[in-house]
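Residue strings, one per chain:
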Amino acid sequence: MSSYIILIFLIAIFLSGIRIVFEYKRALKFRFGSYIKVLNPGFRWIIPFVETTQFVDMRVITINITTQEIMTQDNVPCKINGVLFYKIINATQSILEVENYDFAISQLAQASLRDVCGKVELDTILSKREEIGNNIREIVDAETKDWGITILDVKIKDIELPENMKRSMANQAEAERSRRARIILADAEKQAAHALLEAGELIDKSPSSIKLRLYQTLADIAAEKNSTIVFPFPEEVLYQKEKSDKRNNKGTKKRKSKK
């Protein structure tokens, strides 16, 4: 009977020492509190009550940068939050060099966000989010390098502005759109004036074009089928004017040739 108890006790001790390390994790083994080595993925066994393990996730980890109240360089109060991506590249350092790396990175990211955004104007924050995120990443990465952690990326998510600032920016945007509309309208009027000038010059060179334009206008009016057209002068006046212009041009050419 005692042998069965001893066997069960030994089996229980063996089972209690089993550790399964997943592929995306590493396990640090400690013996009486002293670091021994890193256990790679797979089936592992430690001595119960003598050795302990601490697991470290080696995947990309995401943490939120909580909303920070910031005063920009141009004295505009705003609230900004973001997200940070990091990865552990040295499991041993991440456990031995810092007590709680997740909390430490979060605090560093918040302080860096306030520092970077407080040194630039609001327009820079709104238009250069990527650049600001890179600056924060560089600052935090420099601090966490000794912890065996690398910062992959930092993204600015939301920028909350005061209501009066939102109204001012909306008025500014509306004024800018109005200015562009007036410029476009002025350019259109300028192009139309040039086109009318060219058309007038062509008509002056060929009076018969007036007749063609008249026929086109009559065709447009006749499409309605409910209008009466009254001419203030006979149509032959146009021909007479054109013929007189031609005779005057010929006479001028003859006088020039005689001279």
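Residues numbered from 1 in each chain as written. Predicted model: local features only at pLDDT ≥ 70, side-chain atom pairs only at ≥ 80, totals over all residues. Heavy atoms only, no water.

If you check an unreviewed UniProt entry, the chain appears there as SPFH domain / Band 7 family protein from Zhouia amylolytica AD3. In UniProt, the chain has this text filed under Subcellular location (unreviewed entry): "Membrane". (UniProt positions renumbered as here; feature names shortened; annotations may be inferred.)

1. Topic: a nonpolar patch on the surface
A contiguous nonpolar patch, built from Leu7, Ile11, Phe14, Leu15, Ile20, Phe22, Tyr24, Phe43, Trp45 and Ile47 and spanning about 960 Å² of accessible area, is present on the exposed surface. Mapped onto the nonpolar patch, the elements with two or more residues apiece are α1 (2-16) and β4 (42-45). Top contributing element to the nonpolar patch by residue count: α1, with 4 residues. Among the secondary structure elements, isoleucine 47 is positioned in the loop between β4 and β5 (51-57). Classification of isoleucine 47 by relative accessible area gives partly exposed; the value is 35%. (Patch = residues over 30% accessible without salt bridge, like charges linked within 9 Å, V, L, I, M, F, W, Y side chains within 5 Å. Areas by Shrake-Rupley, 256 points an atom, 1.4 Å probe, with all protein chains shown as cover. Salt bridge = Lys/Arg side-chain N within 4 Å of Asp/Glu carboxyl O. Helix = DSSP H or I, 4+ residues; strand = E, 2+ residues; numbered from the N terminus. Buried < 20%, exposed > 50% of the residue type's maximum accessible area, 1.4 Å probe, protein only.)

2. As for the sheet that holds strand β8 (residues 149-160)
With antiparallel pairing, the 3 strands of this open sheet are ordered in space as β6-β7-β8. Because the sheet does not close on itself, it has two edges, and the strands there are β6 (61-71) and β8. The average angle at which neighbouring strand axes cross in this sheet is 25 degrees, direction not considered. Pairing between β6 and strand β7 (residues 77-88): 9 bridges, direction antiparallel. By the bridge assignment for β7, isoleucine 65 is matched with glycine 82. Most of the contacts of helix α3 (residues 101-117) go to β6, to which it runs at about 35 degrees, and overall it touches β6, β7 and β8. Across the sheet, helix α5 (residues 129-144) is in contact with β7 and β8; its angle to β8 comes to roughly 140 degrees. (Pairing = 2+ DSSP bridges. Axes fitted to C-alpha atoms, helices over the stretch in contact; angles between N-to-C directions. Contact = heavy atoms within 4.5 Å.)

3. What to know about the nonpolar core
Of all hydrophobic cores here, the largest spans 36 residues; its most connected members are Ile80, Leu84, Tyr86 and Ile105. Mapped onto this core, the elements with two or more residues apiece are β2 (25-31), β6, β7, α2 (91-96), α3, α4 (122-127), α5 and β8. Element by element, the count of residues in this core is highest for α3, at 7 residues. Two domains each put at least three residues into this core: domain 1 (1-57) and domain 2 (60-161). Look past the residues within four positions of tyrosine 86 in its chain and what remains in contact with it is Arg59, Val60, Ile61, Ile63, Tyr101, Asp102, Ile105, Ile149, Thr150, Ile151 and Leu152. (Core = buried A, V, L, I, M, F, W, Y, C linked by side-chain atoms within 4.5 Å. Domains from an automatic or database assignment.)

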